[in-house]
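Below are the chains, spelled out letter by letter.
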Amino acid sequence: MRKVYGIGETVLDIIFNNDQPIGAIPGGSVFNAMISLGRCGVPTEMISETGDDRVGRNTLRFLNDNNVGSQYVTTYPGAKSPVSLAFLNENNDAEYIFYKDHPNDKLEMVFPKINRDDIVLFGSYYSVNPVIRQPMATFLQYAKEKGAILYYDVNFRSSHKDEVIKLTANILENLEFADIVRGSDEDFRVMFKKEDADKVYRGDISFYCKNFIYTRGVEPTDFYAVGNFFKQYSVKHVEPVSTIGAGDNFNAGFVYGLLKHNITLDMLNNGIDDRLWDKVIECAQAFAANACQTISNSVSKEFGAALRA
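What counts as what
In every chain, residue numbers begin from 1 and rise along the written sequence. Local features in a predicted model are, by the rule used here, given only for residues with pLDDT of at least 70; side-chain atom pairs are given and counted only at 80 or more, and totals for whole chains, interfaces and linings are based on all residues. In computing side-chain properties, one takes all heavy atoms of the structure into account and sets aside hydrogens as well as water. Put simply, DSSP marks the helices as runs of H or I at least four residues long and the strands as runs of E at least two long, and each gets a number from the N terminus on. Throughout, a contact is declared for two residues whenever any of their heavy atoms are within 4.5 Å. Definition of nonpolar core: a set of buried residues of the types Ala, Val, Leu, Ile, Met, Phe, Trp, Tyr and Cys, connected through side-chain atoms within 4.5 Å. Burial classes follow relative accessibility: with a 1.4 Å probe on protein chains only, a residue under 20% of its type's maximum area counts as buried, one over 50% as exposed, and anything between as partly exposed. When DSSP finds two or more bridges between a pair of strands, those strands are recorded as paired. Axis definition: a line fitted to C-alpha atoms, over the contacting stretch in the case of helices. Angles run 0 to 180 degrees between N-to-C directions. By disulfide we mean two sulfur atoms from cysteines, separated by a distance within 2.5 Å.

Caption draft 1: Just the side chain of Thr44, in detail. Of note, Thr44 is situated in strand 4 (residues 44-51). Thr44 has contacts with Lys3, Val4, Met34, Leu37, Gly38, Asn67, Val68 and Gly69, leaving out every residue within four places of it along the chain.

Right, here's the structure in full:
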C-alpha cells in the first residue's frame, strides 16, 4: 500500500478573533495536510521535531489520535515547541506572528523506508531553512532516488521576504526535486515579484518541474502539467469560518486524489488525461472547502469518516 510522508515543522497555532483567543491547536503547513490525510484513512508518517514540553507532548498525542505516524518526530530535551499567533480579519483570513528560534533547529532523523510511488509532501520555510538544509536536501534526494512522488508547496511568507536572495538556491533545488509544485499568488509576489501565472510557470517553474498549480484564494486556480496541459478551475464559494489551512488542505486533497485515482510517477512524467486531472482537482477543492468551515486547520473528522466509509 502506498504511503504519504510529510516533512515539516510542528507548531501550536493560537487563533484570535477581534484580538481574543478562540482556539489553540497543533499545526504547521505540512502537519495540517497530514492530519487531514490521516483522518481520511491514508497511511501517513510525519517527519519533524518538537520540544520536550507540554506543547510537544500534546502534538505527538494529536498526531497519533488522528492516525498519523509519529515515529520520525524527534523530541529534543530542554527545547521549547514553537508557537504561532493567527489573527483573523473581517474576511476570516489570517495574519501570523511566529515565535520560533530557528537557529536551534536540528532535523536529526533516521530515514524511513520509502517505496516507489509513495508521496512526499514538503514545503514552507522549513524546506529552505539554511540551518537544516543539508539533512532536508539529503532526504529529498533519497526520496527522489527511491521513485517517490515529491509534492512541493512553496508557501513562502512575506515575513521572509528579506531572505529571498539568500534562500534562492534552496528554492530552486526544491523545484528541481519536485514532481508537482503548488504556490499561491502571494508566494510568487514575494519570491519573484510576479503575479501572472503564465509568466511564473514559463519563466521560473517549467524548466525544473512541468506540473504546476497556481492558486489565488477564491479566484480561479491555474493548473499546468506534462504534455502542454493547461486548465483553469473555478473555485466554489463557501462562507469561511477561517482560511487557516486552506492551502494546506488543497495539498492534502490533491495528494488524496493522486492515491484514489492510482496516479503513479510514470503517469505524471508521461502526461495524464484531463478528465483524470479534473477528478484530482475536485478532491483538492473539496478538502480546502471543508477545512474553511472550521478553525481546526484540517478537514473535519466527519469529512474523513465519509471518505473512509
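Caption draft 2: Spatial organisation of the nonpolar core. Counting residues in each nonpolar core, the largest one holds 46 residues, and the members touching the most others are Phe223, Phe254 and Trp277. Broken down by element, the residue count for this core peaks at 8 residues, all from helix 9 (residues 274-291). With sequence-adjacent residues up to four places away left out, Phe254 is seen in contact with Tyr151, Ile180, Ile213, Phe223, Trp277, Val280, Ile281 and Ala284. By size, the runner-up hydrophobic cluster in this structure holds 42 residues, among which are Ile114, Val120, Ile132 and Leu150.

Caption draft 3: Broad picture of the sheet that holds strand 7 (residues 94-99). Strand order in this open sheet of 4 strands is 3-2-6-7, and the pairing throughout is mixed. Pairing within the sheet leaves two strands with one partner each, and these edge strands are strand 3 (20-27) and strand 7. If you compare each strand with its neighbour and ignore which way they point, the axes differ by 20° on average. Bridge count for strand 2 (residues 11-17) against strand 6 (residues 83-88) is 6 bridges, and the pairing is parallel. By the bridge assignment, Leu12 is partnered in strand 6 with Val83.

Caption draft 4: Examining the sheet that holds strand 13 (residues 229-233) more closely. The 9 strands are arranged 5-4-1-8-9-10-11-12-13 in an open sheet whose pairing can be described as mixed. Lying at the two open borders of the sheet, with one neighbouring strand each, are strand 5 (68-76) and strand 13. For this sheet the average axis-to-axis angle between neighbouring strands, irrespective of direction, equals 15°. Here 4 bridges tie strand 1 (residues 4-7) to strand 4, and the two strands are oriented parallel to one another.

Caption draft 5: The state of the cysteines, seen in detail. A full pass over the atoms with the stated rule returns 0 disulfides. The closest cysteine sulfur to the non-disulfide-bonded Cys292 is located on Cys40, 15 Å from its own sulfur. Given the relative accessible area of 8%, Cys292 is considered buried.

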